[in-house]
Amino acid sequence: MVRIHGMPALLSAHNLSKNYGEIAALRDVTLDIEEGTTGLLGANGAGKSTLMTVFLGITKPTSGSFTVLGGDGSDSINAHRLIGYSPEYECLPPNVSAAEFVTHMARVSGLPRTEARTRATDVLRHVGLDEERYRPMGTYSTGMKQRAKLAQAIVHDPMLVLLDEPTAGLDPTGRQEMLELISRTSREFGISMLISSHLMGDIERTCDRIIVLEAGEVLEQGEVSGYLTETETLVIELDEGLEEMAEALARKGINATVEGRALIVPDAAGEDYDAIRDAIIETGALLYRLAPRAHTLSDIFRRPAA
Amino acid sequence: MIRDQGSGSAASGPAGAGQPEGEVFDLGYRHYDGPRGGRGTAFVAVYADGLRMVTGLGRGTAAKIMPLIFALLAMGPALFIVFLAGVITSFGGDPDDIELPQHHEYYVFTFVVMLLFAATVAPGLLSPDRRNSVIALYTVRPLTSIDYALARWLAFFTFALAFALIPQALLYASFMLSDDSPGGYVKDNLRDLPAIIGVGLILAAFMTAVAMAAAALTTRRAFATAGVIAFIFITAAVGGFGQDILTSEEDRIEYRRIHGPRQGDETQAPDGDAAHFIHLLILPETLGRFSEWLFDRRDTFPISPWYNAATIAAVIGGSFGVLGFRYRRMEA
């Protein structure tokens, strides 16, 4: 991965393993988390949360080493001043208001009293809890709790924030709002983020880089844009007559396969476009869309493991 | 004009000719470049929050009622004694003519109030944070889980100490000021001051230790409350049962023949007998004997009074062991 401004990696793991008895949660993980937004993608039980808690010093690795903000990970207590964390599960005291709690968390992160109070107010406004900040958090909806969790994670203006499944439990609208909020927080405020999710859409929309974990191992890592670039594969979406169109293309020497409501033409070259145009005219098909297909992150899982 | 004070969006618009230029401040998100405290700051923040939790500040009304009731219970009788001594003195009488409770006697009463206070309020400083997983947010801040537990421990200890010492200070001031010669009172009762402070410290540490250890063992406040009461009663039952087994009828007859009834010697076993050691498990009485020893209110003990001190130290030490075991590393 490209390192920005020659800075060392924010988080770095070297041959990191974690076993819970017979079960291996992490297997020989070696990776770097750079500045920017990194997505940690994997199914439930892939080791995303374990990796995060190891970096945070909550879980002790069985073997291997790691660094946090350039320092030894096993002694990262001072680095914690510049790190924020929002766990996957509920972690807010129900009988305390968001204003009180976020202010307190800023104090515990080392900020002076007045600054803690001011920043808590600002951050709660930023996450959209301005009106609700004096209500006990036990009365909040799931979406509001996720926002309060984000607020406590960024209140001390950290360099790096680790968000574990920040859209868990949210409905589609709530999820979209939360992803927008995370993107805004990361891009506008320049806070680097490590976001874990089992949803590819979350990572596609918010992250610059991606690390795919499967059964505790790093399956892939790279720039998200690299996975989403256009391919040589053409997608032809028609109203009807897919089979007829496929036959017309075959007569012109183009091999097309039906996939749902579309025809897929692999490795389309320049002259193929003219042939496709002619075939559409011949068959009189109603064309909805003709475009190169972009990779999606789901392709990563379709690919056989290296 | 819009003045940007951070990384938030900034824009400016033309001001109309002759119109006063207004200013809109877009604070946006501001980075923090000021000082950042470390482990010490974090410890003090958790301690200060613990103080607020004990008093119920920042929590609902219900959370404020319990500490208020206990504060009234702990201070009320002392205030009444002060009032009584004041009235007697103002009518030209001598408060010594009526038997007002003395410092060590008031501590017996304080013990009961403090035990209930510790059992009901102290678990609220630890158990809910584990139950609600708030502890995970502390452990990723610049402090260790042991720091967190100790800061909470100290927060409750501060209140327990206040509950122990403030009524005693009121009594002391009252006795001193109602004496014909306040200076003479201090000179005649020199032992009282260090004893008041010593017993107060030990009592507060004992209550805090037992209650916080119970709170560390469960995520439910009610279980911790029950655990504190159960610990005191079960150890007392074992102590009482044990001493009965270890004291034969011949021992009792022989004991009464030699000593007659001796104050505070419930076991009625010969001095140094094993029954006295098992009797140490009745912790309220052990604390009582420790108090009598410091206040110099008792001449003889069937076993060295240091055993009382050692038992209390063992309970406090053991509770720190429990706290350390439970908070040494918070695995998620």
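What you see is a predicted model, and the numbers here were worked out from it, not measured in a lab. One numbering rule holds for all chains: residues counted from 1, following each sequence as written. As they are written, the chains are lettered A onward and the ligands numbered 1 onward, keeping that order. Local features in this predicted model are restricted to residues of pLDDT 70 or higher, and side-chain atom pairs are both shown and tallied only at a pLDDT of 80 or more, whereas totals for entire chains, interfaces and linings draw on every residue. Side-chain numbers come from the whole structure's heavy atoms, not from hydrogens or water.

**Points about the sheet that holds strand E7 (residues 160-164) of chain A**
All names here are of chain A. What the six strands build is an open sheet, ordered E6-E7-E8-E3-E9-E10; its pairing is mixed. The open sheet has two edge strands, strand E6 (83-86) and strand E10 (217-223), and neither has a second partner. When the angles between neighbouring strand axes are averaged without regard to direction, this sheet yields 15°. In this structure, strand E3 (residues 37-41) lies alongside strand E8 (residues 192-197), joined through five bridges in parallel fashion. The residue of E8 that forms the bridge with leucine 41 is serine 197. Most of the contacts of helix H1 (residues 48-55) go to E8, to which it runs at about 150°, and overall it touches E3, E6, E7, E8 and strand E9 (209-214). The strands touched by helix H5 (residues 172-189) within the sheet are E3, E7 and E8, with E8 carrying the most contacts at an inclination of about 155°. Only when DSSP finds a minimum of two bridges between them are two strands counted as paired. Secondary structure elements follow DSSP: runs of H or I of four or more residues count as helices, runs of E of two or more count as strands, with numbering from the N terminus. Axis geometry follows a simple rule: fit a line to the C-alpha atoms, using only the stretch in contact for helices, then measure angles between N-to-C directions, giving values from 0 to 180 degrees. In this description, contact between two residues means that some pair of their heavy atoms is separated by no more than 4.5 Å.

**Some thoughts on the interface of chain B and chain A**
Many descriptions give the size of an interface as the accessible area lost when the pieces come together. Contacts between the two partners involve 35 residues from chain B and, on the opposite side, 45 residues from chain A. A pairing counts as a salt bridge when a side-chain nitrogen of Lys or Arg comes within 4 Å of a carboxyl oxygen of Asp or Glu. Counting across the interface, chain B meets chain A through two salt bridges. Of the charged contacts, one joins B:Arg52 and A:Glu100 as a salt bridge, the two residues approaching to 2.9 Å between their closest N and O atoms. Two N or O atoms form a polar contact when they lie within 3.5 Å of each other; inside protein one atom must be a possible hydrogen donor and the other a possible acceptor, and for residues adjacent in sequence the pair counts only when both atoms belong to side chains. At the boundary of chain B and chain A, one finds 15 residue pairs in polar contact (both at pLDDT 80 or more). Looking at the side of chain B that touches chain A, the elements that each hand over two or more residues are helix H1 (39-55) and helix H5 (135-139) of chain B. The leading source of residues in the side of chain B that touches chain A is H1(B), at seven residues. Class assignment of the residues belonging to the side of chain B that touches chain A gives a composition of 16 nonpolar, ten polar and nine charged. Put simply, Ala, Val, Leu, Ile, Met, Phe, Trp, Tyr, Cys and Pro go in the nonpolar bin, Asp, Glu, Lys and Arg in the charged bin, and everything else, Gly too, in the polar bin.

**Description of the pairing of strand E4 (residues 63-68) of chain A**
All names here are of chain A. The pairing of strand E1 (residues 11-20) with E4 spans five bridges and is classified as antiparallel. Residue pairing across strands places alanine 13 opposite phenylalanine 66, the latter belonging to E4. Where E4 meets strand E5 (residues 71-72), two bridges bridge the pair, whose relative direction is antiparallel. Along E5, the bridge assignment pairs threonine 67 with aspartate 72. Taking the residues that link successive antiparallel strands as the turn, the E4-E5 hairpin has two residues, and the phi of leucine 69 there is positive, at about 50°.

**A closer look at the pairing of strand E2 (residues 23-33) of chain A**
As defined by bridge partners, E1(A) adjoins E2(A) across seven bridges and the pair is classed as antiparallel. Considered in E2(A), the bridge of A:Tyr20 is made with A:Ile23.

**Thoughts on the side chain of B:Arg152**
Residues and elements named next belong to chain B. You can see arginine 152 is positioned in helix H6 (residues 145-177). Partly exposed residues are those whose accessible area sits between 20% and 50% of the maximum for their type, while under 20% is buried and over 50% is exposed, using a 1.4 Å probe and protein chains only. Of the residues examined, arginine 152 reaches a relative accessible area of 0% and is grouped as buried. Excluding residues within four positions of it along the chain, arginine 152 makes contact with Val46, Asp49, Gly50, Met53, Leu125, Leu126, Asp129, Tyr138 and Met212.

**Quick look at the nonpolar core**
Here, nonpolar core means buried Ala, Val, Leu, Ile, Met, Phe, Trp, Tyr and Cys residues that are tied together by side-chain atoms lying within 4.5 Å of each other. Counting 120 residues, the largest nonpolar core has B:Tyr148, B:Phe156 and B:Phe206 as its most contacted members. Considering every element that reaches this core, the biggest residue donor is helix H8 (residues 192-217) of chain B, with 15 residues. Listed in part, the 27 residues of the second largest apolar core include A:Ile33, A:Phe55, A:Tyr85 and B:Val140.

**Here we look at the confidence of the model for chain B**
Residue and element names in this part refer to chain B. Every residue gets a pLDDT, meaning the predictor's confidence in that residue, from 0 to 100. Mean pLDDT over chain B stands at 85; residues scoring 70 or higher make up 86%. At the level of individual helices and strands, chain B shows its lowest average pLDDT in strand E1 (residues 2-4), which scores 40, and its highest in H8, which scores 96. Low confidence marks residues 1-16, where pLDDT is under 50. Its contacts with residues over four positions away, or in another chain, come to 33 contacts.

**Focus on the packing of aromatic side chains**
Residue and element names in this part refer to chain B. Two aromatic rings from Phe, Tyr or Trp, using only the six-membered ring of Trp, form a pair when their centres are within 6.5 Å; if the ring planes differ by under 30 degrees the pair is stacked, by over 60 it is edge-to-face, and anything between is tilted. For the coordinates displayed, the defined rule picks out 14 aromatic pairs over all chains. A connected cluster of aromatic rings, assembled from ring pairs, spans Phe70, Phe117, Phe156 and Phe163. Here the basic side chain of arginine 130 rests over the ring of tyrosine 327, its NZ or CZ set 5.0 Å away from the ring centre. Lysine NZ or arginine CZ positioned within 6 Å of the ring centre and within 35 degrees of the ring normal marks a charge as sitting over the ring.

**Some words on the pattern of salt bridges**
All names here are of chain A. A full pass over the atoms with the stated rule returns 20 salt bridges over all chains. In this structure, the salt-bridge partner of aspartate 202 is arginine 175, at a minimum N-O distance of 2.7 Å. Of this pair, aspartate 202 sits in helix H6 (residues 200-206) while arginine 175 sits in helix H5, and the two are 27 residues apart along the sequence. On the basis of relative accessible area, aspartate 202 is assigned to the buried category, the value being 2%. A salt bridge links glutamate 282 to lysine 252, with the shortest nitrogen-to-oxygen separation between them at 2.7 Å. On the criterion of sequence distance, the pair formed by glutamate 282 in helix H9 (residues 270-283) and lysine 252 in the loop between helix H8 (242-251) and strand E12 (257-259) is long-range, its members being 30 residues apart.

**Remarks on the packing of helix H12 (residues 283-294) of chain B against helix H13 (residues 306-327) of chain B**
Each pair of packed helices can be described by the angle between their axes along with the distance between the axes. All names here are of chain B. Two elements in contact, H12 and H13, have axes whose closest approach is 9 Å; the angle formed by their N-to-C orientations is 125°. With respect to their mutual orientation, H12 and H13 come out oblique. Two packed elements cross with a definite hand, and for H12 against H13 that hand is left-handed. In contact with Leu283, Thr286, Leu287, Arg289, Phe290 and Trp293 of H12, H13 contributes Trp306, Asn308, Ala309, Thr311, Ile312 and Val315. The residue inventory of the contact of H12 with H13, partitioned by class, reads eight nonpolar, three polar and one charged. Relative orientations are named as follows: roughly parallel for angles under 35 degrees, roughly antiparallel for angles over 145 degrees, roughly perpendicular for angles from 65 to 115 degrees, and oblique for any other angle. The sense of a crossing depends on the near helix, which, turned anticlockwise from the far helix by less than a right angle, makes the crossing left-handed and, turned clockwise, makes it right-handed.

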